[in-house]
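Structural characterization, general
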Amino acid sequence: MQHTFQVQGMTCGHCERAVVHAVREVDTDAVVKVDLPTGQVVVESDQPRDAIANAIQEEGYKVAA
Ligand SMILES: [Cu+2]
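The structure contained in this document is the topic of the report that follows. Residue indices follow the written sequence of each chain, beginning from 1 at its first position. Owing to the predicted nature of the model, reporting of local features is limited to residues with pLDDT of at least 70; listing and counting of side-chain atom pairs is limited to 80 or more, with chain, interface and lining totals taken over all residues. Remark: hydrogens and water are excluded; side-chain values derive from all non-hydrogen atoms of the structure.

**Examining helix H2 (residues 49-58)**
Along an α-helix, residues three or four apart share an orientation, since each turn contains 3.6 residues. Under the scheme applied here, a residue whose accessible area is under 20% of the maximum for its type counts as buried, over 50% as exposed, and between as partly exposed, the area being computed with a 1.4 Å probe on protein chains only. A helix here means a DSSP run of H or I that spans at least four residues, while a strand means a run of E at least two residues long, and both kinds are numbered starting from the N terminus. Within H2, the full set of buried residues consists of Ile-52, Ala-53, Ala-55 and Ile-56. Projected onto a plane normal to the axis of H2, the buried residues spread over an arc of 160° and lie on a single side. Residues of H2 that are exposed and angled more than 90 degrees away from the buried face: Asp-50 and Glu-58. In what follows, residue pairs with any heavy atoms lying within 4.5 Å of each other are defined as contacts. Those residues of H2 that are buried are in contact with strand S1 (2-8), helix H1 (13-26), strand S3 (40-44) and strand S4 (62-63). By definition, the arc is the one covered by directions from the helix axis to the C-beta atoms.

**Examining the sheet that holds S4**
Pairing between strands requires that DSSP locate at least two bridges from one strand to the other. Taking strand neighbours across the sheet as the criterion, the 4 strands line up as S2-S3-S1-S4 in an open arrangement whose pairing is antiparallel. With one partner strand each, in any of the chains shown, strand S2 (31-35) and S4 form the two edges of the open sheet. Sheet topology note: the S2/S3 ladder contains 5 bridges and is antiparallel. Its bridge partner being in S3, Val-34 is matched across the sheet by Val-41. Running over the sheet, H1 touches S2 and S3 and is turned about 155° from S2. Only the contacting stretch of a helix is used when fitting its axis, a line to C-alpha atoms as for every element, and angles between N-to-C directions run 0 to 180 degrees.

**Regarding the coordination of the copper ion**
Donor atoms: N, O and S within 2.8 Å of the metal, or within 3.2 Å for Na, K and Ca. Because water is excluded, sites can look incomplete. Protein coordination at the copper ion: the donors are Cys-12 (SG) and Cys-15 (SG), at 2.0 to 2.1 Å from the metal. Overall, the relative accessible area of 32% leaves Cys-12 in the partly exposed class. With relative accessibility at 7%, the residue Cys-15 sits in the buried group.

**Points about the nonpolar core**
What tends to happen in soluble globular proteins is that the nonpolar side chains get buried as a cluster. Residues belong to a common nonpolar core when they are buried Ala, Val, Leu, Ile, Met, Phe, Trp, Tyr or Cys residues joined through side-chain atoms within 4.5 Å. Within the largest apolar cluster, 18 residues are counted, with the highest numbers of intra-cluster contacts made by Phe-5, Val-41 and Ile-56. Among the secondary structure elements, those contributing two or more residues to this core are S1, H1, S2, S3 and H2. For this core, the element with the highest residue contribution is H1, accounting for 5 residues. Apart from residues lying up to four places away in sequence, Val-41 is in contact with His-3, Thr-4, Phe-5, Val-7, Met-10, Val-19, Val-32, Lys-33 and Val-34.

**A short note on the pairing of S1**
Burial along S1 is one-sided: His-3, Phe-5 and Val-7 are buried, and none of Gln-2, Thr-4, Gln-6 and Gln-8, which face the opposite way, are. Of the strand pairs in this sheet, S1 and S4 are connected by 2 bridges, and their pairing is antiparallel. When the bridges of S4 are listed, Gln-8 appears paired with Lys-62.

Right, dumping it as structure tokens:
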């Protein structure tokens, strides 16, 4: 299943890696694509959307509803 998130607060490669890492803690096999300029994060995962969004938010980045 593909989930698309609008994530606020990512500014650099470190942020990108932090978000990818957070998603992989929910699903080690997740395919994560981050577009820094737009804040769009596309996740290919069978885990529920809310679990992935929560993991990103716990890392300190806001996920738009
Ligand atoms: Cu950063």
